[in-house]
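Close look at the chain arrangement
Below, each chain spelled out in residue letters.
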Amino acid sequence: MPADPDASALLRHFRDAFAGDPARAYSEWYRLQEELRDTGPAAVARALADDLWSERDAFSFATEADRARFLHNLAVFFGSSGPAADLARARELFGSALALFSADDDGGWRARAHHNFATALANLGEDPPALEEAVSLFEQALAWRTREREIARGVTLHNMGRALHRWAELDPSRSRDLLDRSAAALEEAVEIRGRHGLVEGRALSQFQLALALEGAGRRTDAQRAFANAAEEFERLGKTESAAVAAARAEAHAAADSPGE
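These lines cover the structure that appears in this document, whether it is placed above or below. (Residues numbered from 1 in each chain as written. Predicted model: local features only at pLDDT ≥ 70, side-chain atom pairs only at ≥ 80, totals over all residues. Heavy atoms only, no water.)

1. As for empty space enclosed by the protein
- Per the stated rule, a full pass over the model turns up 1 cavity of 30 Å³ or more.
- Looking at the largest cavity, its volume works out to about 110 Å³.
- If you go around the largest cavity, the residues you meet are Tyr 30, Gln 33, Glu 34, Arg 37, Phe 77, Ser 80, Ser 81, Gly 82, Pro 83, Ala 84 and Ala 85.
- When residues of the lining of the largest cavity are assigned to their parent elements, the largest contribution, 4 residues, is made by helix 2 (residues 22–39).
- In the lining of the largest cavity, the residues fall into 5 nonpolar, 4 polar and 2 charged. (1 Å grid on protein atoms, 1.4 Å probe; cavity = no way out; pocket = protein on both sides within 12 Å on 5 of 7 lines; lining within 4 Å. Points joined across faces, edges and corners; volume = space filled by probe spheres on them. Helix = DSSP H or I, 4+ residues; strand = E, 2+ residues; numbered from the N terminus. Nonpolar A, V, L, I, M, F, W, Y, C, P; charged D, E, K, R; others polar.)

See the structure below:
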């Protein structure tokens, strides 16, 4: 991408591309947005996002399922952190996608939409009702992401655990119950990811579990979880993450040791 991309030329290019093949154009558009998110300029990212938002209903699709998947993917973009993040737009797009997904399919796309809508709310929501809604949507995703689909279940449990933790931070009056629920979700995520050999995912869930246990005042359990996370990060070669986890484990161990 040029150091100073021409927004007008990009807008013309993508209008033509989306008119011809929305799914293929979206893949190219999304890759460019990832570059813009990392290196800018932010104004171009927002201009492209605003233009696609204004044109989204004009595109032709072979089936309503194709339209639903397109709207879902665009919702994921607007629901992710970046210069064009917009939770209101994401909410509208997820709602439209969920209305279009066929009720007689196997439920996988609806579960994916519930999971990703919940993740958007958990990442961009700023008050307890947003996090409560996120957790409710994660629970709807888990109704399909059962033990028969447990790799996907582990992802949802991990994200739900993080959402519950953030909800606890925003609503201190309910923090202990929310943190206990967060720990329970993350414990299951750790177990699933460990059993399937998902080493990095298990390490991440282990660290998030430690944070939830720490917040709930379960210091001994938190110390153990931080130590486990440190060992797993070290095996992965993630030395900075390992150092952070090890330092927190040592802090808990020192706090629990009798004074000399």
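Following the structure, the description resumes.
2. Some words on the side chain of Asp 51
- When you line up the elements, Asp 51 lands in helix 3 (residues 42–55).
- On the basis of relative accessible area, Asp 51 is assigned to the buried category, the value being 15%.
- Once residues within four sequence positions are removed from consideration, Asp 51 is found in contact with Leu 11 and Arg 15. (Buried < 20%, exposed > 50% of the residue type's maximum accessible area, 1.4 Å probe, protein only. Contact = heavy atoms within 4.5 Å.)

3. Observations regarding helix 1 (residues 7–20)
- End to end, helix 1 covers 20 Å across 14 residues, agreeing with the expected 20 Å (1.5 Å per residue, within 8%).
- Where helix 1 is concerned, the buried positions are Leu 10, Phe 14, Ala 17 and Phe 18. Looking straight down helix 1, one finds its buried side chains confined to an arc of 95 degrees; they lie on one side. Helix 1 presents Arg 12, Asp 16, Ala 19 and Gly 20 as exposed residues on the side facing more than 90 degrees away from its buried surface.
- Buried residues in helix 1 make contact with helix 2, helix 3 and helix 4 (64–78). (Expected span 1.5 Å × (residues − 1). Arc of directions from axis to C-beta.)

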